[in-house]
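One-letter residues, chain by chain:
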Amino acid sequence: MSNIAFIGLGQMGFPMASNLLKKGHTLKVYDLNREPVKKLEELGAFAANNPKDAAENSEFIITMLPNGQLVKEVIFGKDGVIESVSSQALIIDMSTIHPLESDEIRQQLSCKNIEFMDAPVGRTSDNAISGTLLILAGGTDEQVNRASSVLLCMGSEIINAGGPGKGIRVKLINNFMSIALNALSAEAATLCEALGLPLSTAMSVMAGTPANKGHFTTTWPNKVLKGDLSPAFMIDLAHKDLGLALDVANKLHVPLFMGSASREIYSQARAKGRGRQDWTAILEHVRECAGLNK
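Residues numbered from 1 in each chain as written. Predicted model: local features only at pLDDT ≥ 70, side-chain atom pairs only at ≥ 80, totals over all residues. Heavy atoms only, no water.

**Quick notes on the packing of aromatic side chains**
Item 1. One pass over the full model with this rule turns up two aromatic pairs.
Item 2. The interplanar angle of 45° and the centroid separation of 5.2 Å between the aromatic rings of Phe-216 and Trp-220 together place this pair among those described as tilted.
Item 3. On the numbers, 5.0 Å between centres and 80° between planes, the contact of Phe-233 with Trp-279 is edge-to-face. Separated by 46 residues along the polypeptide, Phe-233 in the loop between helix H11 (219-222) and helix H12 (235-251) and Trp-279 in the loop between helix H13 (257-271) and helix H14 (282-289) bring together distant segments of the chain. (Phe/Tyr/Trp six-rings, centres within 6.5 Å; stacked < 30°, edge-to-face > 60°. Helix = DSSP H or I, 4+ residues; strand = E, 2+ residues; numbered from the N terminus.)

Okay, here's the thing in structure tokens:
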């Protein structure tokens, strides 16, 4: 069992720390809110007075905080982790913060020969309670292997994201896509209702199409990711169908903000001569706009 410091005992952090205790680890905890600290103390944890106190003699220092500025303050601020952390310890930030802030923290710690890895989590607070989080580990292979037994006390699955900084990057991409898709899904559900179509019918249809399964695992692997842009479903036709949906929505006074923005992308791709390419060529169009398609 390991000596672990856990800093940040909010909705996710508290149950994560609790699961470390249940697995028999020695735990020192710190949070500005003393109530969760007291609760964990009752369960067998040691209460720390500040991050410096928490990190002293700890093999792993875990941070689970709302933003990057707080992670920096906890590590580098007055009475921070940096003042007592051992050169043999590993700092693991499990927060969801800006990737460039995470890089900056890692670089500053590296200058002091202190190891740092990012390991943000996927899934929900219910999974934090049950210890079934998805851990997105961004570290060297040695760091990921070293931390795995500790991380698996809080999660049921670890994905090695491919190196330092990659965990927080894949977390950002995942959240970006799922959050944006939530808004697009709300537009689709609202249009169903406005058209008098039962949502259950739409859900049955979409269960077997890219609308529900997503393009990463359906259309893209068979077309654009293979370099094949021959049309199975042309961008021109996709643009036409989007236009039909937007037109009927307009007549029913249903705002489709995400849908309208999507049609603009298809319009741009057509203007670039991609109209008769497969609809997955939208990836190449967006890459071209980003200066990546060279």
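Here the narrative resumes.
**What to know about the pairing of strand S4 (residues 60-63)**
Item 1. Side chains Phe-60 and Ile-62 project from S4 onto one buried face, and the interleaved Ile-61 and Thr-63 project onto a second face that is buried too.
Item 2. Strand direction decides the pairing type here: strand S1 (residues 3-7) and S4, joined by four bridges, are parallel. Among the inter-strand pairings, Phe-6 is bridged to a residue of S4, identified as Ile-62.
Item 3. Note that S4 and strand S5 (residues 90-93) share four bridges and pair parallel. Paired with Thr-63 across the two strands is Asp-93, which belongs to S5. (Buried < 20%, exposed > 50% of the residue type's maximum accessible area, 1.4 Å probe, protein only. Pairing = 2+ DSSP bridges.)

**Here's the deal with the sheet that holds strand S9 (residues 155-160)**
Item 1. The sheet built from three strands is open, its strands ordered S7-S8-S9 with mixed pairing. A strand with exactly one partner marks an edge of an open sheet, and here the two such strands are strand S7 (121-122) and S9.
Item 2. Pairing between S7 and strand S8 (residues 133-137): two bridges, direction antiparallel. Looking across to S8, one finds that Val-121 is bridged to Ile-135.
Item 3. Of the strands in this sheet, S8 and S9 touch helix H7 (residues 141-151), which is tilted by about 175° from S9. (Contact = heavy atoms within 4.5 Å. Axes fitted to C-alpha atoms, helices over the stretch in contact; angles between N-to-C directions.)

**What to know about the pattern of salt bridges**
Item 1. In total, this model carries 15 salt bridges according to the counting rule given.
Item 2. The salt bridge involving Arg-123 is made with Glu-157; its shortest N-O contact spans 3.0 Å. Taken together, the positions of Arg-123 in the loop between S7 and helix H6 (125-130) and Glu-157 in strand S9 put the pair 34 residues apart, joining distant regions of the chain.
Item 3. By relative accessible area, which is 42% here, Arg-123 ends up partly exposed.
Item 4. Among the residues examined, Glu-157 registers a relative accessible area of 35% and is labelled partly exposed. (Salt bridge = Lys/Arg side-chain N within 4 Å of Asp/Glu carboxyl O.)

**Focus on the sheet that holds S5**
Item 1. Read across the open sheet, the six strands follow the order S3-S2-S1-S4-S5-S6; overall the sheet is parallel. Bordering the open sheet on either side are strand S3 (46-47) and strand S6 (115-118), each of which pairs with just one other strand.
Item 2. Sheet strands touched by helix H5 (residues 99-110): S5 and S6. Its angle to S6, the strand with the most contacts, is close to 165°.

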